[in-house]
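A closer look at the structure
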Amino acid sequence: MSGFKKTALITGIAGQDGGYLAEFLIRRGYKVHGLIRWDSYVDPQDGLKRLSSLGLTDASMTLHHGDVTDAQSVAALIKQVRPDEIYNLAALSQVGVSFTTPAATLDINTKGTLAILDAIRLLDMERTVRLYQASSSEMFGSAPAPQDEHTPFMPCSPYGVAKLAAYWLVKTYRDAYGLHASNGILFNHESPARGEDFVTRKITKAVAGIEAGSREVLKLGNLDSIRDWGHARDYVEGMWLMLQQDVPDDYVLATGQAHSVREFVERAFEQIGMHIVWSGQGVEETGRDKRTGRLLVSVDASLFRPKDVHHLLGNARKAQDRLNWLPRYYFDDLVADMVNADRVLLWREAGGDSAWKMTG
Ligand code: NAP
């Protein structure tokens, strides 16, 4: 007997959700294996910083080099690990980047999922393994808000299209071959571990930098995009709950509250005692400190997406009713957590206490 309750394999373990999920599963007595790309491991200080900042080390889990687009190595890994649960989080997850690398987006986000589904079949593991697929609210695209499991999908980006194809593959394999495979249709979820190229983290890093005097102005694209933002810590619990159900299914996870990028900016600056006053329109719009008139925010036309989703707002009623899932963090708590974490990070980089951990 190994002493572990169950074995989980997480693809994309070095990403935001991967770290929180690994931490969550280890606390529940799981043996956790993670698939990471080779270049996530080149510089452990950088590539695996999310895992180490959650207190996760090589000793607490087993990491395997690989790539979800390499179907044979994915199958070999699943055969070796023989997981009870697979969480497929690996993805090219930046919607904006998917416009410049659409083919790679489809390879990773769609064919990567197919590689896992086929491996489960070929290894005759349909009855022994459960699969979580990281689907996305970006699949709804321009469908009117609020969106739930019955809303028609109208994706607006290569990312949304690739995730939608993977979603349908999961449903098709579930229906055709009896796989225990579930799609989590997750609305935006953020945390102090969010990648620095995502708008929320860009904002909170800049706010911390402006407070510390190391940054001048925050440049942003579309200030009027509206998103339903939750905390990754809540959402990984929802992923796990989906795989604990007797019957696989698809679930929306969302807070049910929508806020604009503009509101995110305002709330983030409020954390450091600054209040933003907006003036001008479109690319001429600026945000200034109400007290001093100092320029803090400007709009950069190059940061607009070729096509943007304007209003995502989720209805997670099904997950509440069937999984008993409810978020603990809402907008204000999320923004406060992220800004405070970036303030501490800056302070640490300047030589403060290195024992600081994520606060989430
Ligand atoms: P993330 O931080 O970007 O993590 C994605 C991970 O996938 C990264 O660690 C990345 O490796 C890895 N990866 C990329 N290409 C790979 C490949 N070819 N083979 C193996 N691994 C690969 O994203 P996240 O925020 O944690 O999101 C997790 C999943 O949920 C993603 O599938 C995302 O699309 C989906 N999702 C996220 C949200 C959200 O708001 N966060 C909402 C809905 C759905 P590197 O670290 O080496 O780049």
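Above this text is the structure in question.
Each value, and the rule that gives it
Residues numbered from 1 in each chain as written. Predicted model: local features only at pLDDT ≥ 70, side-chain atom pairs only at ≥ 80, totals over all residues. Heavy atoms only, no water. Salt bridge = Lys/Arg side-chain N within 4 Å of Asp/Glu carboxyl O. Helix = DSSP H or I, 4+ residues; strand = E, 2+ residues; numbered from the N terminus. Pairing = 2+ DSSP bridges. Axes fitted to C-alpha atoms, helices over the stretch in contact; angles between N-to-C directions. Contact = heavy atoms within 4.5 Å. Expected span 1.5 Å × (residues − 1). Buried < 20%, exposed > 50% of the residue type's maximum accessible area, 1.4 Å probe, protein only.

This part is about the pattern of salt bridges. For the coordinates displayed, the defined rule picks out 21 salt bridges. One salt bridge connects R27 with E23, and the closest N-O pair in it is separated by 3.8 Å. With R27 and E23 both in helix α1 (residues 16–27) and 4 residues apart, the pair spans about one turn of that helix. Ionic pairing is found between E270 and R267, a salt bridge with its closest N-O pair at 4.0 Å. With a gap of 3 residues between them, E270 and R267 both fall in helix α10 (residues 261–270), about one helical turn apart. Each of E196, R201, K205 and D342 takes part in salt bridges that share partners, so that together they form one network.

An order of β8-β15-β14-β13 is seen for the 4 strands of this open sheet, with the pairing classed as mixed. What marks the edges here is a single partner per strand, and that holds for β8 (218–220) and β13 (276–279). Neighbour to neighbour, the strand axes of the sheet diverge by 20 degrees on average, direction disregarded. Here β13 pairs with strand β14 (residues 286–289) via 4 bridges, running antiparallel. Looking across to β14, one finds that W278 is bridged to G287. Along the sheet, helix α8 (residues 199–212) makes contact with β8 and β15 (295–299), crossing β8 at roughly 165 degrees. Here α10 sits on the sheet and contacts β8, β13 and β15; the angle it forms with β13, its principal contact strand, is near 145 degrees.

Spanning 20 residues, helix α7 (residues 158–177) covers 28 Å between terminal C-alpha atoms, matching the ideal 28 Å at 1.5 Å per step. Along α7, the positions that sit buried rather than exposed are P158, Y159, G160, A162, K163, L164, A166, Y167, V170, K171, Y173 and R174. Buried residues belonging to α7 abut α5 (95–100), α6 (102–122), β5 (130–136) and β6 (180–186). Note on α7: the residue one or two positions beyond its end, G178, has a positive phi of about 75 degrees.

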